[in-house]
Amino acid sequence: MAFPFLTVLGLIPLVGVVLIILSKQAAARVIGLVMAFAALVYTVGVVATTKMTSGAVAEHVTWLPIIGSSYALDLDGMGLVMVALTVLLVPMVLIAEWKTGIGETGRFSSKAFVCLVLLVECFSLFSFMSMDLVIFYIFFEATLIPMYFLIGGWGGAERGKAAAKFLIFGLAGGLIMLFGVIGVGALSTGAGAVTMSFADLTGLDFVSNPVTKLLFICFFVAFALKAPMVPGHIWLPDAAEESTPGGAALMVGVLDKLGTFGMIRVCVGIFPEESQWASPVILVLALISIFYGAFAAIGSKNLMRLIAYTSISHFGFMVMGIFAFTSQSITGSIFYMVNHGLSTGALYLVVGYLISRRGSAGVNDFGGVAKVAPLAAGFTLVAGLASCALPGTSSFVSEFMVMAGAWARHPVIAGISVLGVVLAAVYILWTYQRMMTGPVTDATRDHVTSDLTWRERWAIIPLVAVFLLLGFWPKPALDEIAPTTDYYMTSAAVTDLVAQIEEGR
Amino acid sequence: MIFLEFTAPQVDYVRLLPFLIVLGVACLGILVEAFVPRKARFVTQTALAILGLAAGLGATIWQWGDGGRGLADPASITGGVTGTVLVDGPVQCFWAILFGFGLIAAILFAERRAHAGASAFTPMAAAIPGSRLESEASEAGLVHSEVFPLALFSLSGMALLVATNDLLVLFVAVEVLSLPLYVLSGLARHRRLISQEAALKYFLLGAAASAILLFGVAFLFGYSGGFSYEKLAHAVSFSTMGDGILLAGMGLVAVGLLFKIGAVPFHSWVPDVYQGAPTPVTAFMSVCTKVAAVAGLLRLFYAGLGGMRWNWQPILAGVAILTIIVAAIIAINQTDVKRVLAYSSVAHAGFVLVPVVGAFTLQSGLPEGQAGSVASVMFYLVGYGLATIGCFTVIMLVRSQGREASSLDAWAGIGRRYPLFGVVMVIFLLSLAGIPLTAGFMGKLAAFMAAWRGGYWWLALVAVLGSIIAVFIYIRVIQVMFFREPAEGSDPVELVRPGVPAVIVLALCLIGTLGLGLVPGPLLDAFQAASSFLIPAGA
């Protein structure tokens, strides 16, 4: 058997956890950061090597033949970009949260913080890489536990309750999905041998019937709770508000992507007919999410909640792209997942710096920050504009692709969604105006006494650099993603409408 | 299929060896009480019980791996004891599970350090609680080392219940397993009145349940004209008598067994007894009794009453749903950790009935080499047992002023103060909740899948929805342990340092829970390979 590149990648953070547990409190952050960077470098190395040698990294070990499951890992385009996002975001979070848990009482130690972040990284890497439904499910669920403690261990006064809410929603979604997993196993028996492999299941053609529709709904509900769509979103603003900025960046940037990721892998992959059957309803829900999130963000007085609401709006776009079923919109959606992770991650981190200086997350508690801390204000503006898809940032590319792709099939829905972009400009620019511009308020002068330190800057700069780079030159990422889109479009037996119409004319 | 016709009683002692070892060691334990000096008794009994159970477990596994008696091929097992007791693949699996958990429980019985050097049991059960006699006995360092033989007698009853092929033996086995447990429940060192109340309650309700069981046996005898499962199966297929008497007998016997399993509506004893009994005994009976009763139910319904499947499946499905929902909802309101776990154990009785209802076996279309009902039930019970014993062991260690502090309020913040134990407890609780990377999850996956594939997809749906409610039970405890501050002025609660036995038990349960969560394949395969009941001809 070839060298298990992917297993090793997933295990790097876990090794870090073990080392940290064995080491002293003071060394924990350093070890954590080293291991997080090791995962980043290793990923780059593996990808570069396999691209040059065009070798395969797939792993397949028989694990539980008795229910048709095997330990199968692989990186397709979608998995690769998500893995890249994860390994990039985690070290930045660790740098940004360098001081979390140091010398504080009433919260957990920094050692625990680093361990939990690395556990989140480990579990999410495995779920992005897994090519087996059971393995995917296991790690999808497992991410909840370290994230629960990340929210509950550090953060605001009501963090315990917010953490419980997060966990309950997560586990409820997970158990609903468990029913789907069991059902898929049982159905695959009917269609041949029992199997849980994504490749086999995508190949199987379940005849659409009420039970497969029910299974599809189970999976979709689980993923819609995860990548929060209205009305399953109510846990996210609370969890984000009470979490640390780094925790929120991980949760919204990486973990919630498992939802949209799963929609493509499982819903579209295994249940293409049912996905199309349900797409009208889902598209409307996505529209509602876009507008609900945007309006709630405009009305939000708490920065952490505000960013959470903007994310709900963005997840609406991603879901719209997936269920519009054009190759352009699906590619755009996958690219959107990465860009949203980068821009929202950066936004959470930079806003977190301001919040910790000011000691409050209220939008109205700031004023004139740009004069006192120009760098912080500048980074907020850049990250914010990236999140509302300004041309030149990578989000623009993906949002445009989603809307243009959706237009081909659903012009009305795509047309309405364009208004969401306008609202996005409102919530970002208006927030910026209230916080950063105008005369320096007394509270700002008292609390925001320093601009960003070098440590703080270096947690943001790589994220900004990547989304600017991908904004001007998205081709490498899109080339990675395109084969995945083609694969799912083919397996769903859907062709792009645009081409057909043009030929017809 | 094998016709079992014998003119002379013929006993295969080798096949029965594990059972005989455990029963023999239990008898030996009584002699130890009589002849070994008092000071050496506790140690002797501990060693004897542990060695005996290890030998029983070893003998079971030895026969399991014995090629000539290959359990993978049920047709080759012809030399077993027949008539009243039948040793086939599932029996050996269940024996292995029972003796394994019995061994863990026996080790837990020996834990003394957690109780400040004393055992978990009262120094003198006959003394009136709070009397001078009691305190004198305590000062003299008396111990009831009889707990070990009692547990072993109970275990041999369980082993018999698992292997019985005869309605009368079924009744005898239920009694043999129950009587020692009634006594054991009343032996708590602290809060003795609650303990004695629990014992009495258990005894009275248990006696009533046994009477119902016996009444059911009488009906079934009347229907089939004999006590053996073969006769029963034959009569189910060929009898011209009306079904009424059969249904009545089946229902009554089921009530007796469901009482032991602790399923709703026969669960009312569970919380009180689990709370009152000494914690090691609670750990023992919450796992072993359930394993034995589920196994007994499986054998009776699959082998004896397999032909009546269409009649008992809906009834058991109803019981399972009721059990899951009622137990999960009531558990959310409990304020005592032991009671929370008691209701959790009731809920798990419901979950384990789900694959039983599915009845997905070789007879109902299970392909070779895939997980069916019997193997799923076994695996589920193993996962449940490991996590439950682990939880009760942690409960033993949380103490305030020398006594167990099991109220949920007392647990506030202990996960924060003792992170290692906090994490261990969280892993057990997550396994009970069925969260991935633990044995509990793999058990749920296999169990619900067996139910679905047996044609009960809606029951799997209800069970999953019930699991969502049940998740609240465990999150609540985790939440209290980590995110609630202890109330002002409450008694200081500490986690005492466990002695060697408790550490061994915790380590075994932890390794088992995580190990089976990551690598469930070998055990599940082994169970599946040995999961065919010898079904009597005529079924």
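A short tour of the structure in this document, coming up. Quick caveat, the model's predicted, so the values are computed rather than measured.

The rules behind these values
- Residues numbered from 1 in each chain as written.
- Chains lettered and ligands numbered in written order.
- Predicted model: local features only at pLDDT ≥ 70, side-chain atom pairs only at ≥ 80, totals over all residues.
- Helix = DSSP H or I, 4+ residues; strand = E, 2+ residues; numbered from the N terminus.
- Contact = placed C-beta atoms within 7 Å.
- Rg over C-alpha atoms; globule rule 2.2 N^0.38 Å.
- Buried ≥ 20, exposed ≤ 12 C-beta atoms within 10 Å, placed from the backbone.
- Axes fitted to C-alpha atoms, helices over the stretch in contact; angles between N-to-C directions.
- Parallel < 35°, antiparallel > 145°, perpendicular 65-115°, else oblique.
- Left-handed = near helix turned anticlockwise from the far one by under 90°.
- Nonpolar A, V, L, I, M, F, W, Y, C, P; charged D, E, K, R; others polar.
- Core = buried A, V, L, I, M, F, W, Y, C linked by C-beta atoms within 7 Å.
- Expected span 1.5 Å × (residues − 1).
- Pairing = 2+ DSSP bridges.

Across its full length, chain B carries 20 helices and 3 strands. Once the C-alpha set of chain B is aligned to its principal axes, its extents read approximately 70 × 55 × 45 Å. Across chain B, contacts joining residues at least 24 apart in sequence account for 81% of those joining residues at least 6 apart.

Before going further, it helps to examine the overall build of chain A. The helix and strand inventory of chain A stands at 23 helices and 2 strands. In terms of overall dimensions, chain A is globule-like: its C-alpha atoms have a radius of gyration of 22 Å, near the 23 Å expected for 505 residues. Split into buried and exposed, the 505 residues of chain A put 63% on the buried side. Within chain A, residue pairs in contact and separated by at least 24 positions form 81% of the contacts whose partners lie at least 6 positions apart.

Further remarks concern the packing of helix H5 (residues 147–163) of chain B against helix H6 (residues 167–185) of chain B. All names here are of chain B. Their axes nearest at 8 Å, the elements H5 and H6 cross at an angle of 155°. Here H5 is positioned roughly antiparallel relative to H6, judged by the angle of their axes. For H5 against H6, the interelement crossing comes out left-handed. Between H5 and H6, the residues in contact are Val147, Leu150, Ala151, Phe153, Ser154, Ser156, Gly157, Met158, Leu160 and Leu161 and Val169, Leu170, Ala173, Val174, Val176, Leu177, Pro180, Leu181, Val183 and Leu184, respectively. Here the contact of H5 with H6 is composed, by residue class, of 17 nonpolar, 3 polar and no charged.

On to the nonpolar core, then. Formed by 421 residues in total, the largest nonpolar core has its most connected members in B:Leu98, B:Ala151 and B:Ala460. Here B:Leu98 is in contact with B:Leu155, B:Met158, B:Ala159, B:Val162, B:Cys288, B:Val291 and B:Ala292, once residues within four sequence places are set aside.

Moving on: helix H2 (residues 38–64) of chain B. Residues and elements named next belong to chain B. Given a rise of 1.5 Å per residue, 27 residues ought to cover 39 Å, and the 39 Å separating the end C-alpha atoms of H2 matches this to within 8%. Buried within H2 are the following residues: Phe42, Gln45, Thr46, Leu48, Ala49, Gly52, Leu53, Gly56, Leu57, Ala59 and Thr60. The inward-facing, buried residues of H2 abut helix H1 (13–35), helix H3 (89–109) and H5.

All names here are of chain B. Across the sheet, which stays open at both edges, the 3 strands sit in the order S2-S1-S3 with antiparallel pairing between neighbours. Whereas interior strands pair on both sides, the edge strands pair on one side only; in this sheet they are strand S2 (403–404) and strand S3 (494–495). Across 2 bridges, strand S1 (residues 398–400) lies against S3 in antiparallel orientation. When the sheet's bridge partners are listed, Val398 is paired in S3 with Leu495. This element, helix H14 (residues 373–397), spans S1, S2 and S3 of the sheet and lies at about 25° to S1.

Further remarks concern the interface of chain B and chain A. Counting residues at the interface gives 29 residues for chain B and 29 residues for chain A. Elements that contribute at least two residues to the side of chain B that touches chain A include exactly helix H17 (439–453), helix H18 (457–483) and helix H20 (521–529) of chain B. Looking at which element gives the most residues to the side of chain B that touches chain A, the answer is H18(B), with 11 residues. Considering only residue class, the side of chain B that touches chain A consists of 21 nonpolar, 6 polar and 2 charged.

Before going further, it helps to spend a moment on unusual backbone geometry. In most cases, non-glycine residues show a negative phi, while peptide bonds are predominantly trans. Looking along the chain, the bond that leaves A:Val230 and enters A:Pro231 is cis, with omega of 5°. Mapped onto the elements of the fold, A:Pro231 is located in the loop between helix H9 (210–226) and helix H10 (235–242). The linkage connecting B:Val264 with the following residue, B:Pro265, adopts the cis geometry, with an omega of 5°. Of note, A:Phe325 is a non-glycine position whose phi angle comes to about 55°, a positive value. Within the element layout of this structure, A:Phe325 appears in the loop between helix H14 (303–323) and helix H15 (327–358). On the neighbour-count criterion, A:Phe325 (25 C-beta atoms within 10 Å) is buried. Here the phi dihedral of A:Ala389 falls at roughly 65°; this positive angle occurs in a residue that is not glycine. Within the secondary structure, A:Ala389 is located in the loop between helix H17 (374–387) and helix H18 (394–409). Given 29 C-beta atoms within 10 Å, A:Ala389 falls into the buried group.

So, on to the environment of A:Asp256. Residues and elements named next belong to chain A. Its location among the elements puts Asp256 in the loop between helix H11 (245–255) and helix H12 (257–270). Between the C-alpha atom of Asp256 and that of Ser311, which follows or precedes it by 55 residues, the distance is 9.7 Å. Excluding residues within four positions of it along the chain, Asp256 makes contact with Lys226, Ala227, Pro228, Met251 and Phe315.

With that settled, the discussion passes to the environment of A:Ser333. All names here are of chain A. Looking at the element boundaries, Ser333 is found in helix H15. With 67 residues separating them along the chain, Ser333 and Phe400 place their C-alpha atoms 10.0 Å apart. Apart from residues no more than four positions distant in its own chain, Ser333 is found in contact with Thr260, Met318, Gly321, Ile322 and Val402.

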